[in-house]
Amino acid sequence: QVQLVESGGGVVQAGGSLRLSCTASGRTFSSLDMGWFRQAPGKEREFVASIPWNKNTYYADSVKGRFTISRLNTKNTVYLQSDSLEAADTAVYYCAAASRPISGMIANIDYWGQGTQVTVSS
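Residues numbered from 1 in each chain as written. Predicted model: local features only at pLDDT ≥ 70, side-chain atom pairs only at ≥ 80, totals over all residues. Heavy atoms only, no water.

Caption draft 1: Seen up close, the overall build of the protein. Helices and strands together make up the secondary structure of the protein, namely 0 helices and 11 strands. Starting at the N terminus and ending at the C terminus, the protein contains elements arranged as β-β-β-β-β-β-β-β-β-β-β. A globule of 122 residues ought to have a C-alpha radius of gyration of about 14 Å, and the protein, at 13 Å, matches this closely. Each principal axis of the C-alpha distribution contributes one length, and for the protein these read about 40 × 25 × 25 Å. When the 122 residues of the protein are sorted by exposure, 44% land in the buried category. Considering only contacts in the protein between residues 6 or more positions apart, those separated by 24 or more positions represent 56%. Of the roughly 6,100 Å² of accessible surface on the protein, 48% is carried by carbon and sulfur atoms. Counting 11 positive and 9 negative side-chain charges, the protein places the averaged centre of each group 7 Å from the other. (Helix = DSSP H or I, 4+ residues; strand = E, 2+ residues; numbered from the N terminus. Rg over C-alpha atoms; globule rule 2.2 N^0.38 Å. Buried < 20%, exposed > 50% of the residue type's maximum accessible area, 1.4 Å probe, protein only. Contact = heavy atoms within 4.5 Å. Areas by Shrake-Rupley, 256 points an atom, 1.4 Å probe, with all protein chains shown as cover. Lys, Arg positive; Asp, Glu negative; His and termini not counted. Charge placed at Lys NZ, Arg CZ, Asp CG, Glu CD.)

Here's what the structure looks like:
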């Protein structure tokens with residue numbers, strides 16, 4: 001079992017930045033694929049970014065060039081640096097962990113965090 005706890009959400013003006021953090025416990029962190037998904041009001045949950053154990057990175061087209069995912073295995077933590085935020089980025093952001101490649105797919109996720117709200121005001 002893996003527990004995921006997110007932090008770092010909040011309200012920011014368009015063009016601003018936020019850094020989300022997610023700390024995992026309960027299983028060897030370095031072996032997990034880690035990722036971020038988001039869900040805006042009235043929309044389905046969607047893939048944002050992922051980073052497997054080898055630290056390759058994958059991004060949704062909508063955030064490529066603006067968001068950066070990273071992980072620090074010594075702290076069991078994955079980060080999402082979000083820059084040049086837009087109103088369309090407003091959503092609840094969920095940390096996710098998987099024992100297989102995430103490949104952008106919700107079906108591949110084994111564990112979810114509780115979510116953290118990001119609101120971008122225009």
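There is more to say, and it comes next.
Caption draft 2: Molecular detail of unusual backbone geometry. In this structure, K55 takes a positive phi of about 70 degrees despite not being glycine. Even without being glycine, S103 reaches a positive phi, approximately 50 degrees. With respect to the helices and strands, S103 occurs in the loop between strand 9 (91–98) and strand 10 (111–112).

Caption draft 3: Molecular detail of the pairing of strand 5 (residues 46–51). Burial analysis of strand 5 places 5 of its 6 residues in the buried class, which makes it a mostly covered element. Alignment of strand 4 (residues 33–39) against strand 5, held across 5 bridges, turns out to be antiparallel. Bridge pairing links G35 to S50 in strand 5. Note: strand 5 against strand 6 (residues 58–59), 2 bridges, orientation antiparallel. Its bridge partner being in strand 6, S50 is matched across the sheet by Y58. Linkage of strand 5 to strand 6, two consecutive antiparallel strands, is achieved through a turn of 6 residues, within which K55 is found at a positive phi near 70 degrees. (Pairing = 2+ DSSP bridges.)

Caption draft 4: View of the state of the cysteines. Counted according to the given criterion, the structure contains 1 disulfide. With its sulfur 2.1 Å from that of its partner, C22 forms a disulfide with C95. The sign of the -80 degrees torsion about the S-S bond sets the C22-C95 disulfide as left-handed. You can see C22 sitting in strand 3 (residues 18–25) and its partner C95 sitting in strand 9, a full 73 residues away along the chain. (Disulfide = S-S within 2.5 Å.)

Caption draft 5: Representation of the nonpolar core in the model. Of all hydrophobic cores here, the largest spans 34 residues; its most connected members are L4, M34, W36, V48, V78, L80 and Y93. Those elements that place two or more of their residues in this core are strand 3, strand 4, strand 5, strand 7 (67–72), strand 8 (77–82), strand 9 and strand 11 (116–121). Here the element with the most residues in this core is strand 9; it accounts for 6 residues. (Core = buried A, V, L, I, M, F, W, Y, C linked by side-chain atoms within 4.5 Å.)

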